[in-house]
Amino acid sequence: MTADYDVLIIGAGISGIGMACHLASECPEKRVAILERRHAIGGTWDLFRYPGIRSDSDMFSFGYAFRPWHDYKVLADGPSIRQYIADTARAYGVDRSIHFGVKIEEASWSTEQRRWTVIARHENTGETSTFTCQYLVPCTGYYNHDHGYLPQFPGQERFNGLRIHPQHWPDDLDYRGKRIVVIGSGATAVTLIPAMAGNAAHVTMLQRSPSYIFSVPAYDKISATLDRVLPTRWVYRLARWRNIRLQRLIYKAAKRWPHRIRSWLLTHVEKQVGTGVDMRHFTPGYNPWDERLCAVPDGDLFTVIREGKASVVTDHIETFTEDGILLKSGKVLKADIIVTATGLQLQSFGGMNLRVNGRKLDPSSLMTYKGVLLQDVPNLAYLFGYTNAPWTLRIDMAARYVCRLLKHMDKAGFDMVTAHAPSDEMLDESILGSLQSGYVQRGQGVLPRQGRGLPWRVLHNLEVDREMLLKQTIADPALEFKHAGARATASPASLEGSRAMSA
């Protein structure tokens, strides 16, 4: 079968559904379809099912700007987020445009035809389908859904217990009364430990080095109180405005005064864990926001540590044994279950092959224009969110930019747009920027590159992105537009005219 669309979105997660909803609102005349490998809406939030799975950003700012999150639980659990995405898709009617169970194997652009041809395989049957479109929008995130990152541990084959990666959590796992070791100190580990501690015999977090962990309120009492006297939409807007600005303030302060913010964070932890806990387990060797901070609601991780239900060990693994882990210090951690919360494996475009006029593309050899368009690739927008703020803040703005671009092209009679960069612009640095997290460093070689400056540099800066994506005119010398049916680059006069139309 072959189906033709104006816009084809890859992925029905929080990014893809957000993009589809913006198109439904701002470009309702467009024929849009979404291709989703899984058999449900939700993406990441449908994939991850480990105990305690939740957002690591507050929901007022993590939720869509166009559809308020009306719940006062600050960090929402995975099932609630999954339901929110699905409800949003139904509210905007985009759920009817989703093709489930299809894995994209290749997307190929033809300048002659002015179309993308997408080959998708139905994983249940092995059959393939062909989709064509004028504009392709991958919303696949940047990690591999098939495999998480799993280092090879010495002696791992000797362990007689159960070893699990959180990305592939067994539905029927019974860990009541079990001794559990969680390897890792990131957001997944600090979420798993308090969630499992209530039923496990004991949970140990084994880390090579600590992460910054800070406690946030589990419930937004201020907004709940205001909701009794103010219209709900006002309360939502106020809470979202407050939380976004507070997050930006903390991030900027961490970059400007790292030692002060470090001291503030560690003092906060020391009060939470109480006496008798060695603070070296919570004192990172890097500055705040060199890696993402880990948020815990009402200090739940610190609570289970204080109560003796969980503990933290900072050491290196010598070898797995038949019944646990031998550490380089000589200490032995007995375990029935070992959870390897060792992170993600990065991937571009969901692993699909991209071709332009028959030439296979390497995403790591290309930059992004305004963090949305891919260098030298016609009619493609790649949506990804922030690493230093709620993911969806950037997704919302990028989706609105794509809608502005499509409307601009329709009005000017263009059917093709390509972003071209100066020859000396590219740096050997990925779009994830300066984060020092292990998964970022491991994945540097598979992601698009950074440029020296705007619009080819991805700054992960809300204020800059708001100006670039929502306020600047669409027409730009870096963008090459072509008229429908034309084979020549749009003339300077045409670009000037299009600039006037977009102003």
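All of the points below concern the structure found in this document. Only a predicted model underlies this, so the values are computations on that prediction, with no experimental measurement involved. (Residues numbered from 1 in each chain as written. Predicted model: local features only at pLDDT ≥ 70, side-chain atom pairs only at ≥ 80, totals over all residues. Heavy atoms only, no water.)

## Let's talk about the overall build of the protein chain
- Counting its secondary structure elements, the protein chain contains 13 helices and 24 strands.
- Relative to the globule expectation of 23 Å for 503 residues, the C-alpha radius of gyration of the protein chain, 24 Å, shows essentially globular dimensions.
- With respect to the principal axes defined by its C-alpha atoms, the protein chain has extents near 75 × 55 × 45 Å.
- Sequence-distant contacts in the protein chain: of pairs separated by 6 or more residues, those separated by 24 or more amount to 71%.
- Total accessible area computed for the protein chain in this model is approximately 21100 Å², and 51% of it derives from carbon and sulfur atoms.
- Distance between charge centroids for the protein chain: 4 Å, based on 60 positive and 51 negative side chains. (Helix = DSSP H or I, 4+ residues; strand = E, 2+ residues; numbered from the N terminus. Rg over C-alpha atoms; globule rule 2.2 N^0.38 Å. Contact = heavy atoms within 4.5 Å. Areas by Shrake-Rupley, 256 points an atom, 1.4 Å probe, with all protein chains shown as cover. Lys, Arg positive; Asp, Glu negative; His and termini not counted. Charge placed at Lys NZ, Arg CZ, Asp CG, Glu CD.)

## Quick word on the side chain of Thr-418
- Residue placement: Thr-418 occurs in strand S21 (residues 414-419).
- Taking the relative accessible area as the measure of exposure, Thr-418 reaches 4% and is therefore buried.
- The contact partners of Thr-418, leaving out residues within four places of it in the chain, are Asp-376, Val-377, Pro-378, Ala-478, Leu-479 and Glu-480. (Buried < 20%, exposed > 50% of the residue type's maximum accessible area, 1.4 Å probe, protein only.)

## Concerning the packing of helix H10 (residues 391-412) against helix H12 (residues 462-471)
- Relative to each other, H10 and H12 sit at 15°, their axes nearing to 8 Å. With respect to H12, the axis of H10 lies roughly parallel. At the point where H10 passes H12, the crossing takes the left-handed sense. When H10 is examined against H12, the residues Leu-393, Arg-394, Met-397, Ala-398, Arg-400, Tyr-401 and Arg-404 are found in contact with a partner set consisting of Leu-462, Asp-465, Arg-466, Leu-469, Leu-470 and Lys-471.
- Its residues placed into classes, the contact of H10 with H12 shows 7 nonpolar, no polar and 6 charged. (Axes fitted to C-alpha atoms, helices over the stretch in contact; angles between N-to-C directions. Parallel < 35°, antiparallel > 145°, perpendicular 65-115°, else oblique. Left-handed = near helix turned anticlockwise from the far one by under 90°. Nonpolar A, V, L, I, M, F, W, Y, C, P; charged D, E, K, R; others polar.)

## A short note on helix H5 (residues 187-197)
- For H5, the tally of buried residues reaches 8 of 11 residues, placing the bulk of the element in the interior.
- Of the residues making up H5, those classed as buried are Ala-189, Val-190, Thr-191, Leu-192, Ile-193, Pro-194, Met-196 and Ala-197.

## A few points about the sheet that holds strand S12 (residues 310-314)
- Taken in spatial order, the 5 strands make up an open sheet running S7-S16-S8-S9-S12, and their pairing is parallel. Two strands bound the open sheet, and with one partner strand each, they are strand S7 (162-164) and S12. Taken over all neighbouring pairs, the strand axes of this sheet differ in orientation by 20° on average, direction set aside.
- For S7 and strand S16 (residues 337-340), the ladder comprises 3 bridges, and the chain directions are parallel. (Pairing = 2+ DSSP bridges.)

## Observations concerning the sheet that holds strand S14 (residues 324-327)
- Taking strand neighbours across the sheet as the criterion, the 3 strands line up as S13-S14-S15 in an open arrangement whose pairing is antiparallel. Each of the sheet's edge strands pairs with one partner strand only, and the pair in question is strand S13 (317-321) and strand S15 (332-334). Neighbour-to-neighbour, the strand axes of the sheet open up by a mean angle of 20°, direction not taken into account.

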